[in-house]
Amino acid sequence: MSRIGKQPVSIPAGVKVTLEDKAVHVEGPKGKLTAAIPAKIWVKLEGNEIQVGRELETIGLKALHGLTRKLIANMVEGVSKSFRRVLEINGIGYRVEVKGTVLHLALGFSRPVEFPVPPGVTATVDGQTVITLECSDKQLLGQTAAMIRRLRAPEPYKGKGIKYREEVIRRKAGKTVGASG
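## Quick word on the pairing of strand β10 (residues 113–116)
Two faces, one strand: in a regular strand the side chains alternate between the faces of the sheet.
Part 1 of the reasoning: Residue alternation in β10 divides its side chains into a buried set, Val113 and Phe115, and an unburied set, Glu114 and Pro116.
Part 2 of the reasoning: Both strand β9 (residues 102–106) and β10 contribute to a ladder of 4 bridges, which runs antiparallel. Paired with Val102 across the bridge in β10 is Pro116.
Part 3 of the reasoning: Between the antiparallel neighbours β9 and β10 lie 6 residues, among them Gly108 with a positive phi of about 85°.

## Quick word on the side chain of Lys163
Part 1 of the reasoning: For Lys163, the position within the fold is in strand β13 (residues 161–164).
Part 2 of the reasoning: Only 3.3 Å separates the side chain of Lys163 from the backbone oxygen of Glu167, close enough to count as a polar contact.

## Quick word on the layout of surface pockets
Remark: the empty space left among the atoms is shown by a probe the size of a water molecule rolled over them.
Part 1 of the reasoning: Computed from the structure, the largest pocket encloses a volume of approximately 210 Å³.
Part 2 of the reasoning: Lining the largest pocket are Leu33, Thr34, Ala35, Leu71, Asn74, Met75, Ser136, Asp137, Lys138 and Gln139.
Part 3 of the reasoning: Where the lining of the largest pocket is concerned, the elements lending two or more residues are β4 (31–36), α1 (59–80) and α2 (138–151).
Part 4 of the reasoning: Tallied by class, residues from the lining of the largest pocket come to 4 nonpolar, 4 polar and 2 charged.

Calculation rules
- Residues numbered from 1 in each chain as written.
- Predicted model: local features only at pLDDT ≥ 70, side-chain atom pairs only at ≥ 80, totals over all residues.
- Heavy atoms only, no water.
- Buried < 20%, exposed > 50% of the residue type's maximum accessible area, 1.4 Å probe, protein only.
- Helix = DSSP H or I, 4+ residues; strand = E, 2+ residues; numbered from the N terminus.
- Pairing = 2+ DSSP bridges.
- Polar contact = N/O pair within 3.5 Å; in protein donor to acceptor, adjacent residues only side chain to side chain.
- 1 Å grid on protein atoms, 1.4 Å probe; cavity = no way out; pocket = protein on both sides within 12 Å on 5 of 7 lines; lining within 4 Å.
- Points joined across faces, edges and corners; volume = space filled by probe spheres on them.
- Nonpolar A, V, L, I, M, F, W, Y, C, P; charged D, E, K, R; others polar.

Written out as structure tokens, the structure is:
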């Protein structure tokens, strides 16, 4: 049996979970989320816990069992606490500001880049170089952060670009001048 899949998902106070046909609906103080349940995977609501199981013992279904349980656990955590991702901008003249739901980024291009923040994601800026994204949907949050990072990925020579706060950029040595063999 899947080690992750067999663990029950506990439902905190203030979170409401409903099961319909092949879908799970989770509602809490931070929002509402819905996920489809794959075929041959079953979900039971027992008191304040959610149990996830599978009908067959195939390799693909074992992986899907653990994935489904983790997706439901992320939904429950997201609507109760919300997820957060922090991005840092490094580089001379690189900065960001929020105007409504649009991020205006100066990243060394000839014009500023405008990035519309998707609905459900809130963006705040600390200083002019730190972007904090917050969302109840972990997948949407990660996708949005990756799209912002892709606008100017960090380069290994000077470390300029947009990076995740916990990311470590491996720096390379530049060319040495006057080295003769």
